Amino acid sequence: MSAPLLELEKVTIKFGGVTAVCDLDMRVEEQELVGLIGPNGAGKTTAFNMITGVYQPTSGSIQFSGKPIKGIKPHTLSLRGISRTFQNIRLFASMTVLDNVRTAMQGNRAQRVRDALLRGKAFREVEARVEHEAMELLKIFSLDQFHDSHGKSLPYGDQRRLEIVRALATQPKLLLLDEPAAGMNPTEKQELMELIRFVQDKFKIAVLLVEHDMKVVMGICQRINVLDYGRKIAEGTPDEIRANPKVIAAYLGQETDDDA
Amino acid sequence: MRGREKLFLLIAIVVAIGLSYVSASFNRYYLGIAIDVGINIILAVSLNLINGHTGQFSLGHAGFMAVGGYFAAKFTLVYGPTLPPAAQPFLFAGALLLGGIVAALAGLAVGVPSLRLKGDYLAIVTLGFGEIIRVIFQTSETFGAATGLTGIAKLTTFGWAWALAAVTVYVVACLVNSTYGRGFIAVHDDEIAAGAMGINPVRYKVTAFVIGAFFAGIAGGLYAHHKAVLSPGGFDFIKSIEIVVMVILGGMGRTVGVIFAAIILTILPELLRGVAEYRMIIYSLLIIGLMLTRPQGLFTWGKKGAA
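Sequence order as written defines the numbering, with residues in each chain counted from 1. As they are written, the chains are lettered A onward and the ligands numbered 1 onward, keeping that order. Since the coordinates come from a predicted model, pLDDT governs what is reported: local features require at least 70, and pairs of side-chain atoms require 80 or more to be given and counted, while whole-chain, interface and lining totals use all residues.

Asker: Which residues make up the overall build of chain B, and what values go with them?
Answerer: Each helix corresponds to a stretch of at least 4 residues labelled H or I by DSSP, and each strand to a stretch of at least 2 residues labelled E; elements are numbered beginning at the N terminus. For chain B, the helix and strand inventory stands at twelve helices and zero strands. In this setup the radius of gyration rests on C-alpha atoms only. A globule is expected at 2.2 Å times the number of residues raised to 0.38. A globule of 307 residues ought to have a C-alpha radius of gyration of about 19 Å, and chain B, at 19 Å, matches this closely. Contact definition: two residues whose C-beta atoms, as placed from backbone geometry, lie within 7 Å. A sequence separation of at least 24 residues applies to 82% of the contacts in chain B between residues at least 6 apart.

Next comes the structure, spelled out in structure tokens:
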């Protein structure tokens, strides 16, 4: 069996006296759809920020494609194949929809200041190719008709989708989605689930999903990790998680009766 | 706009140099103002790359200008007398380049601490930097101390100023309108998101500072060889603020607007000379009025970032 795409081993992070995440072990295989759930403040987003290089763990190791990622900056990790969306949408506000996607294609071309100034044939070809690829990507998610409007002027659900498109533009191997269903109505949630499944299938990538919404997580994830107060309390298939008393206790409070 | 940028640059340079051949017959006062306008366009457009496009609020542009001005002036003062008149344009080009490069190095020195600072904090650091530069020149005997440098050859012509202004506009516009250069705007919009999308914020910030400082240095060299005298007092933070006002009034990150603002704000104080003692008051009131009514900048039509 080959090494997993992403592997966390005994990862701990402390902010002063607070241990936000403690001894977290987690694996994501190639092309797997894994969920990370837990009540508010359980440390899900902190775990995300360690995987994407925003925070450095106090101890423990994180390996991506068999290589440790300790001390590597977010932009380098992005080039290596880790991409993400944000809990509170972070689109490039002053750019158009197309430019948002084009900008994320940065890493896929080798250009320098010199190329941009001389505007030679090679430069124009890269520009044309990037524009074409960005439009193709937008077309897949039927956002191409909005390519010239500002990202922030799109409806909320489309902004979420655009963020996913932008993340995909970096050609990731692992896509991290931070609460993509936040603020969505049931119809939008249903569409989102289909979208995530579609993305994973079409682009052959692994997805790690942090989510509050049980219906979404249970509906699409192959495996689920549950965090509570920074510790992993359970791992398993959706059915196993649903039946796990520790998970029920974490979400609904301690039970006195098994009858729930 | 594919391929049209170079044509624009070529036409602008030819027109500027062509005009400078007949400029001897122009009114010297108007010609002087026209050169001032060209220099201010270089300053404002280069600062716009740092403040507007990349979103790193810098108040030290006069400092970069001073570095370029002093080094370029010293260069022509030392080597000018040894060369025949025919070599003067080359000497001048060398002096401007030297000024630009030294200013770019200064930009690198400021860009590095700026990686850790944001917003107001960065503004204060760059403000302090500008003042340090001024004080260094003020105390350095080599650069004439408080008296400054005098007797600098008047080498700046209309052609030099406007051709270099065209080059500045070209460089900034080309950078920002490319897949590479969109990184500047990405850093401006959201540094964390930019990092997550594979853009190295550090690299873009430093690049913006170095390129911006380089052109400020060139503007300083032009200024020195236009006024023929340099004194440290001319590069205090009021000068930096003047350039910032051009950028804000023109609309942050909007090159066309910033060019117009540079033109208007250079000509306006001259037009008001008729009312002598009230002119700075009127000038200030106009700026306050404009900021109250158009806080987003005067000239905000068209796509942001476009040339």
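Asker: Residue-level account of the overall build of chain A, with values.
Answerer: Of regular secondary structure, chain A possesses ten helices and ten strands. Here the C-alpha atoms of chain A give a radius of gyration of 20 Å, agreeing with the 18 Å that 2.2 N^0.38 yields for 260 residues. Using C-beta atoms placed from the backbone, we call a residue buried if 20 or more other C-beta atoms fall within 10 Å of its own, exposed if 12 or fewer do, and partly exposed for counts in between. Of all 260 residues assigned to chain A, the portion counted as buried reaches 42%. In chain A, the proportion of contacts linking residues at least 24 apart, taken out of those at least 6 apart, comes to 68%.

Asker: Could you give me a rundown of the sheet that holds strand S5 (residues 67–68) of chain A, with the residues and numbers involved?
Answerer: Ordered in space as S2-S1-S4-S5 (chain A), the four strands form an open sheet in which the pairing is antiparallel. The outermost strands of the open sheet, each flanked by one partner alone, are strand S2 (18–28) and S5 of chain A. Here the rule is simple: two strands pair whenever DSSP picks up at least two bridges between them.

Asker: Could you give an account of the interface of chain A and chain B, naming the residues involved and the relevant values?
Answerer: Every contact between the two is made by 34 residues of chain A and, on the other side, 26 residues of chain B. Going through the elements one at a time, helix H2 (74–80), strand S6 (82–84), helix H3 (97–104), helix H4 (113–118) and helix H5 (121–140) of chain A are the ones with two or more residues in the side of chain A that touches chain B. Three residue categories are used. Nonpolar comprises Ala, Val, Leu, Ile, Met, Phe, Trp, Tyr, Cys and Pro, charged comprises Asp, Glu, Lys and Arg, and polar comprises the others, including Gly. Taken together, the residues of the side of chain A that touches chain B sort by class into 13 nonpolar, ten polar and eleven charged.

Asker: Can you tell me about the confidence of the model for chain B, naming the residues and giving the values?
Answerer: Considering every residue of chain B, the mean pLDDT works out to 83; 95% of them sit at 70 or more. As a predicted assembly, this complex carries a pTM of 0.86 together with an ipTM value of 0.84. Values of pLDDT, ranging from 0 to 100, describe the predictor's confidence in every residue of the model.

Asker: I'd love a proper account of the sheet that holds S6 of chain A, names of residues and values included.
Answerer: All names here are of chain A. Judged by pairing direction, the sheet is mixed, and its six strands sit side by side in the order S6-S7-S8-S3-S9-S10 without closing on themselves. In the strand order of this sheet, the two ends are held by S6 and strand S10 (231–236), each with one partner. Each neighbouring strand pair of the sheet contributes to a mean axis angle of 20°, computed without reference to strand direction. Sheet topology places strand S7 (residues 174–178) next to strand S8 (residues 206–210); five bridges connect them, and they run parallel. Pairing of Leu 177 across the sheet is with Leu 209, part of S8. Axis lines are fitted through C-alpha atoms, for helices just across the contact stretch, and the angle between N-to-C directions can take any value from 0 to 180 degrees. Each of strand S9 (223–228) and S10 touches helix H10 (residues 245–252); the most contacted strand, S10, lies at about 130° to it.

Asker: Give a description of the pairing of S8 of chain A that names residues and reports values.
Answerer: Residue and element names in this part refer to chain A. Burial of S8 is extensive: five of the five residues sit out of reach of the surface. Here S8 shows no split at all, with Ala 206, Leu 208 and Val 210 on one side and Val 207 and Leu 209 on the other all buried. Direction of pairing for strand S3 (residues 33–37) relative to S8: parallel, over a ladder of four bridges. Looking at the pairing, Leu 33 lines up with Val 207 of S8. By the criterion used throughout, a crossover qualifies as right-handed when its path from the first strand across the helix to the second strand runs clockwise, the strands pointing away from the viewer. The β-α-β motif built from S7, the intervening helix H7 (residues 186–203) and the parallel element S8 has right-handed crossover chirality.

Asker: Lay out the environment of Thr 142 of chain B in plain terms, naming residues and giving numbers.
Answerer: Within the secondary structure, Thr 142 of chain B sits in the loop between helix H5 (119–139) and helix H6 (158–176). Along the chain, Thr 142 of chain B and Ile 218 of chain B lie 76 residues apart, while their C-alpha atoms are 20 Å from each other.

Asker: Explain the pairing of S10 of chain A to me, and be specific about the residues and the numbers.
Answerer: Residues and elements named next belong to chain A. In terms of strand pairing, S9 meets S10 through five bridges, oriented antiparallel. Its bridge partner lying in S10, Asp 228 is registered against Arg 231. The turn linking S9 back onto S10 is made up of two residues, and Tyr 229 within it adopts a positive phi angle of 45°.

Asker: Give a description of the nonpolar core that names residues and reports values.
Answerer: The biggest cluster of nonpolar side chains holds 160 residues, and the ones touching the most others in it are Val 101 and Leu 174 of chain A together with Ile 42, Ala 44 and Ala 219 of chain B. Per-element accounting of this core gives the leading share, 16 residues, to H6 of chain B. Among all residues touching Ala 44 of chain B, those that are not within four sequence positions of it are Ile 243, Met 246, Val 247, Gly 250, Val 258, Ala 261 and Ala 262 of chain B. Put simply, a nonpolar core is buried Ala, Val, Leu, Ile, Met, Phe, Trp, Tyr and Cys residues tied into one set by C-beta atoms within 7 Å.

Asker: Before we move on, could you go through the environment of Ala 186 of chain B and cite the residues and values that matter?
Answerer: Relative to the assigned elements, Ala 186 of chain B resides in helix H7 (residues 182–189). As for Ala 186 of chain B and Gly 55 of chain B, which are separated by 131 residues in sequence, their C-alpha atoms are 9.6 Å apart. Look past the residues within four positions of Ala 186 of chain B in its chain and what remains in contact with it is Phe 92 and Thr 103 of chain A together with Ala 194, Met 197 and Ile 199 of chain B.

Asker: Can you tell me about unusual backbone geometry, naming the residues and giving the values?
Answerer: Residue and element names in this part refer to chain A. In this structure, Ser 142 is a non-glycine residue whose phi angle is positive, near 40°. Its location among the elements puts Ser 142 in the loop between H5 and helix H6 (156–169). Since 10 C-beta atoms lie within 10 Å of it, Ser 142 is described here as exposed.

Asker: Any chance you could break down H5 of chain A for me, citing the residues and the numbers?
Answerer: Residue and element names in this part refer to chain A. In this analysis, the expected span of each helix is defined as 1.5 Å times one less than the number of residues it contains. Between its first and last C-alpha atoms H5 spans 29 Å; for 20 residues at 1.5 Å apiece the expected length is 28 Å, and the two agree. Residues Phe 123, Glu 127, Val 130, Ala 134, Leu 137 and Leu 138 constitute the buried set of H5. Across the axial projection of H5, the buried residues extend over an arc of 100°, all falling on one side. In H5, the exposed positions that point more than 90 degrees away from the buried face belong to Lys 121, Ala 122, Glu 125, Ala 128, His 132, Glu 136 and Lys 139. Structurally, H5 contributes buried residues whose contacts are with H3, H4 and H6. Working definition: the arc comes from the directions between the helix axis and the C-beta atoms, pointing outward to the latter.

Asker: Describe the packing of H7 of chain B against helix H9 (residues 201–227) of chain B, naming the residues involved and giving the relevant values.
Answerer: Residue and element names in this part refer to chain B. At their nearest, the axes of H7 and H9 sit 9 Å apart, and the two run at 110° to each other. Our classification of the angle between H7 and H9 gives roughly perpendicular. Note on element contacts: H9 touches H7 through Pro 201, Tyr 204, Lys 205 and Ala 208, opposite Gly 183, Phe 184 and Val 187. Partitioning the contact of H7 with H9 into residue classes produces five nonpolar, one polar and one charged. The labels follow the angle: roughly parallel below 35 degrees, roughly antiparallel above 145, roughly perpendicular from 65 to 115, and oblique for the rest.

Asker: How would you explain H6 of chain B if you had to name every residue and give the values?
Answerer: The α-helix winds at 3.6 residues per turn, so residues separated by three or four positions along the chain end up facing the same way. The terminal C-alpha atoms of H6 of chain B lie 27 Å apart, and with 19 residues this matches the ideal 27 Å at 1.5 Å per residue to within 8%. Among the 19 residues in H6 of chain B, 18 count as buried, and that is most of the element.

Asker: Go over the packing of H6 of chain B against H9 of chain B, please, and point to the residues and values.
Answerer: Residue and element names in this part refer to chain B. Across the interface, H6 lies against H9 with an axial gap of 11 Å and an inter-helix angle of 175°. As summarised for this structure, H6 and H9 are arranged roughly antiparallel, according to the angle between their axes. Contacts between H6 and H9 involve Trp 160, Ala 161, Leu 164, Thr 168 and Val 171 from the first element and Ile 211, Phe 215, Ile 218 and Leu 222 from the second. Of the residues in the contact of H6 with H9, the class split is eight nonpolar, one polar and no charged.

Asker: For the environment of Gly 233 of chain B, give the residues involved together with the corresponding values.
Answerer: Residue and element names in this part refer to chain B. Considering the arrangement of structural elements, one finds Gly 233 in the loop between H9 and helix H10 (237–250). The exposure class assigned to Gly 233 is exposed, which follows from the 12 C-beta atoms found within 10 Å. Along the sequence, Gly 233 and Leu 222 sit eleven residues apart, while their C-alpha atoms lie 17 Å from each other.

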